[in-house]
Amino acid sequence: MATTTFDKQKTIDLRRKHVGPSCKVFFSHDPIKIVRARGQYMYNEKDEKYLDCINNVAHVGHCHPDVVEAGTKQMELLNTNSRFLHDNLVMYAQRLQATLPEKLSVCYFVNSGSEANDLALRLAWQYTGGKDIITLENAYHGHVSSLIDISPYKFHQMTGAETSQHVHVALSPDIYRGKYREDHPDPATAYAENVKDVIEQAHEKGHKIAAFIAESLQSCGGQVIPPVGYFQKVAQHVRNAGGIFIADEVQVGFGRVGTHFWAFQLQGEDFVPDIVTMGKPIGNGHPMSCVITTREVAESFMSSGMEYFNTFGGNPVSCAIGLAVLDVIEKEDLQGNALLVGGYLTLLLDDLKKRHPLVGDVRGCGLFVGLELVRNRDKRTPATAEAQDVIYRLKEQRILLSADGPHRNVLKFKPPMCFTREDAKLVVEKIDQILTDLERALDLHMHEAVISENGHSKRKEPSDENGLVHAPNDSSHKHVNTIPHSKNNNKRLRT
């Protein structure tokens, strides 16, 4: 623990001086200084409590005592690399594998979701002999160079960025805003056929597909839930082309969807990916991650002749923490809690949709839920400014929520899994009041479900994988807020 504490402005000044300017903070014009956390709550330097609705990293709750104790005890005994035998490594691998289909049996332990997805690409390239990767619109898979290339969510923000010739972008299977919507008779097949078309186009250019990669549920893409059957059909097309299927569970694994431990299992028992990557919640805030694959893929990776070694991956402390996280999920039935509380949250949000024209769609599974705001329900015009206004006003009431999706208009809920019905009720009550205020100011009524297209600035501001809009470096830029604000009319969320 740091022995020196600074006042908030001093912390801001030192961060500006010593931390890279591209490393953003939430609410950059008035950031929150967090000094401690417990469960689903975070506390600032004034000991003011914030309800955390967005932290899927603190999966079993911030600073869970069982997880802290497990890490501390092991750290007092030993921490070393995986070239030495240690029971924690094999016990943890065994426990993780037991949550997955039998054929996914070989583990590689690494330190972040980005490392896991990067390794998954290496496995695919070696196993298939191909180089080409199919990814989805608005996908985000990590921050290292190989993953920026396959993350449209990121590379579309880069000035002058060009898609790699070995990366192919398929349609996002979004049945609310995508090409094939909820009124389509078979959106799963239609979106899978698009992947087949992408494969054929790659083959026409003489390219060979190595893998299709997708988040089991798109997070940064706007809480997108693929139609059931989509992954099975995609896997068939990809495997017929000699490629393999990578399921990215970094955001949504470990029981968050409620009905299943892994989100890819929502597609049905007949779907099993070739590689699964996991991260964020795996260590409840401790930096660790894992790649699990089949014996065939692992043996192929070994045949390259290159040893795979990761200094910190699978160390005894990380494995002790990982085991403790699994224990807490089971002991406290957090998967069951995600199902019950997530269902209650969705019910409350569905009720909002019935009463608020700004609400276009409610979608999700368990404690992974999106609320899409629109200016016009018929046209599904994104209500980007309104979404940002909701987030800022919630922050003033000490509730932390964020927005994402290609238009930054999807309020996303992915709280710690100890989130309660009372927490859900509180945040929805606050959103209800905020939407009521916004709609009254706009003279918007349920039967209209339309907002003037001219009421807000259309200038697109860059955002990050946390889903919050960043203020440009140009200090002269002003984001026009035409929505009357009950408090501080010129404030707009900036991070």
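- The chain is annotated in an unreviewed UniProt entry as Ethanolamine-phosphate phospho-lyase of Phoxinus phoxinus.
- Quoted verbatim from the Function (unreviewed entry) field of the UniProt record, the comment on the chain reads "Catalyzes the pyridoxal-phosphate-dependent breakdown of phosphoethanolamine, converting it to ammonia, inorganic phosphate and acetaldehyde."
- Turning to the chain, the UniProt annotation filed under Subunit (unreviewed entry) states: "Homotetramer."

Some words on helix 13 (residues 421-441)
Stage number 1. Taking 1.5 Å of rise per residue, 21 residues should cover 30 Å, and helix 13 covers 30 Å from first to last C-alpha, within 8% of that figure.
Stage number 2. Along helix 13, the residues classified as buried are Asp 423, Ala 424, Val 427, Val 428, Ile 431, Asp 432, Ile 434, Leu 435, Leu 438 and Glu 439.
Stage number 3. Of the residues trailing helix 13, Asp 443 is marked for its positive phi of about 55 degrees.

With respect to the packing of helix 3 (residues 87-97) against helix 10 (residues 316-331)
Stage number 1. Between helix 3 and helix 10, the least distance of the axes is 9 Å, while the angle of their chain directions is 35 degrees. As for the relative orientation of helix 3 and helix 10, their crossing is left-handed in sense. Along its contact with helix 3, which presents Asn 88, Leu 89, Met 91, Tyr 92, Arg 95 and Leu 96, the element helix 10 presents Pro 316, Cys 319, Ala 320, Gly 322, Leu 323, Leu 326, Asp 327 and Glu 330.
Stage number 2. Here the residues of the contact of helix 3 with helix 10 are counted per class, giving 9 nonpolar, 2 polar and 3 charged.

What about the side chain of His 207?
Stage number 1. When you line up the elements, His 207 lands in the loop between helix 7 (187-204) and strand 7 (209-215).
Stage number 2. His 207 sits in the buried class, given a relative accessible area of 16%.
Stage number 3. Polar contacts involving the side chain of His 207 include one to the main-chain carbonyl oxygen of Gln 165, which spans 3.4 Å.
Stage number 4. Setting aside its immediate chain neighbours within four residues, His 207 contacts Asp 132, Gln 165, His 166, His 168 and Ala 202.

Here we look at the pairing of strand 7
For a regular strand, side-chain orientation follows a simple rule: the groups alternate between the two sheet faces.
Stage number 1. Most of strand 7 sits inside the fold, with 7 of its 7 residues counted as buried.
Stage number 2. With 3 bridges connecting them, strand 5 (residues 132-136) and strand 7 associate as parallel partners. When the bridges of strand 7 are listed, Ile 134 appears paired with Phe 212.
Stage number 3. Where strand 7 lies against strand 8 (residues 244-248), 5 bridges are found, and the strand directions are parallel. Bridge pairing in strand 8 places Phe 212 opposite Phe 245.
Stage number 4. Tracing the backbone out of strand 7, into helix 8 (residues 230-240) and back to the parallel element strand 8 gives a crossover that is right-handed.

Side note on the packing of aromatic side chains
Given two aromatic rings, one states the distance between the centres and the angle between the planes to describe the pair.
Stage number 1. Counted under the stated rule, the structure contains 17 aromatic pairs.
Stage number 2. Between Phe 231 and Phe 271, the aromatic rings sit 5.4 Å apart at their centres with planes inclined by 50 degrees, giving tilted as the arrangement. Placement of Phe 231 in helix 8 and of Phe 271 in the loop between strand 8 and strand 9 (275-278) is noted, with a sequence separation of 40 residues between them.
Stage number 3. A relative accessible area of 1% places Phe 231 in the buried class.
Stage number 4. Assessed through its relative accessible area of 3%, Phe 271 is described here as buried.
Stage number 5. Linked through ring pairs, Phe 212, Tyr 230, Phe 231, Phe 245, Phe 264 and Phe 271 together constitute an aromatic cluster.
Stage number 6. Over the face of the ring belonging to Tyr 41 we find Lys 49, whose NZ or CZ atom lies 4.4 Å from the ring centre.
Stage number 7. Here Arg 83 stacks its cationic end above the ring of Phe 309, 3.7 Å away from the centre of that ring.

Analysis parameters
Residues numbered from 1 in each chain as written. Predicted model: local features only at pLDDT ≥ 70, side-chain atom pairs only at ≥ 80, totals over all residues. Heavy atoms only, no water. UniProt positions renumbered as here; feature names shortened; annotations may be inferred. Helix = DSSP H or I, 4+ residues; strand = E, 2+ residues; numbered from the N terminus. Expected span 1.5 Å × (residues − 1). Buried < 20%, exposed > 50% of the residue type's maximum accessible area, 1.4 Å probe, protein only. Axes fitted to C-alpha atoms, helices over the stretch in contact; angles between N-to-C directions. Left-handed = near helix turned anticlockwise from the far one by under 90°. Contact = heavy atoms within 4.5 Å. Nonpolar A, V, L, I, M, F, W, Y, C, P; charged D, E, K, R; others polar. Polar contact = N/O pair within 3.5 Å; in protein donor to acceptor, adjacent residues only side chain to side chain. Pairing = 2+ DSSP bridges. Right-handed = clockwise from strand over helix to strand, strands pointing away. Phe/Tyr/Trp six-rings, centres within 6.5 Å; stacked < 30°, edge-to-face > 60°. Lys NZ or Arg CZ within 6 Å of the ring centre and 35° of its normal.

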